[in-house]
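# Overview (structure and organization)
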Amino acid sequence: MTSEVVFAKEHQGYKDIVHGGMVGMLLDEIMVNVAWFEGTPVVTGELTVRLKKAVKVGERVFLEGWIEREEARVVYGRAEARNALGEVLASASASCVKIKPAKPLSGA
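Let me sum up the structure you'll find in this document. All figures in this text were calculated on a predicted structure; none of them were measured in a lab. (Residues numbered from 1 in each chain as written. Predicted model: local features only at pLDDT ≥ 70, side-chain atom pairs only at ≥ 80, totals over all residues. Heavy atoms only, no water.)

Attention shifts here to the overall build of the chain. Looking only at helices and strands, the chain features one helix and seven strands. Reading the chain from its N end, one meets helices and strands in the order β-β-β-α-β-β-β-β. Dimensions of the chain, computed from C-alpha atoms along their principal axes, come out at roughly 45 × 35 × 20 Å. In the chain, which comprises 108 residues, the proportion classed as buried is 30%. Counted over contacts in the chain with a minimum sequence separation of 6, partners at least 24 positions apart contribute 62%. Carbon and sulfur atoms provide 54% of the accessible area of the chain, an area that totals close to 6,900 Å². (Helix = DSSP H or I, 4+ residues; strand = E, 2+ residues; numbered from the N terminus. Buried < 20%, exposed > 50% of the residue type's maximum accessible area, 1.4 Å probe, protein only. Contact = heavy atoms within 4.5 Å. Areas by Shrake-Rupley, 256 points an atom, 1.4 Å probe, with all protein chains shown as cover.)

If you want it as structure tokens, here you go:
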């Protein structure tokens, strides 16, 4: 699964540099969404993020997430954020726990 984003000033942690937590959040989301898209509802149990290069405010960032393997109760995902030159800005791995999706609330 792929996506792209351009972070705004509101996402900076240091002048003109995106807060690493924002980058980690999107890497987490893309990994979880891959599993849901493939029909396996999960929530993140453990997340590891490596910030390799500063992500600049206003820079187009390309995200990619995929499933590495699946076990009975856990899905293992990986994700990367790259710049327009293809350089890895950040990478992540996650152990995602399989869940039963919640039933919609009546009247909602």
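Past the structure itself, the notes keep going.
This brings us to the pairing of strand β7 (residues 88-98). Sheet topology note: the strand β4 (residues 42-51)/β7 ladder contains nine bridges and is antiparallel. Residue pairing for β7: T44 is matched across the bridge by C96. Sheet topology note: the strand β6 (residues 74-82)/β7 ladder contains nine bridges and is antiparallel. Along β7, the bridge assignment pairs V74 with V97. With antiparallel pairing between neighbouring strands as the criterion, β6 and β7 make up a hairpin whose turn holds five residues, including G86 at a positive phi of roughly 90 degrees. (Pairing = 2+ DSSP bridges.)

What follows covers unusual backbone geometry. Of note in the backbone geometry, D16 takes a positive phi value of approximately 65 degrees without being a glycine. Tracing the sequence through the fold places D16 in the loop between β2 (12-14) and β3 (17-18). Judged by its relative accessible area of 31%, D16 is partly exposed.

This part covers the environment of Y76. Looking at the element boundaries, Y76 is found in strand β6. On the basis of relative accessibility, which here comes to 18%, the residue Y76 falls in the buried class. Sequence separation between Y76 and V42 is 34 residues, and the spatial gap between their C-alpha atoms is 10 Å. Setting aside chain neighbours within four positions, we find Y76 in contact with W66, I67, E68, R69, E71, A94 and S95.

Okay, a nonpolar patch on the surface next. Taken together, the side chains of W36, V43, V97 and I99 make up a nonpolar region of the molecular surface, amounting to roughly 300 Å² of accessible area. Among the secondary structure elements, W36 is positioned in helix α1 (residues 20-37). (Patch = residues over 30% accessible without salt bridge, like charges linked within 9 Å, V, L, I, M, F, W, Y side chains within 5 Å. Salt bridge = Lys/Arg side-chain N within 4 Å of Asp/Glu carboxyl O.)

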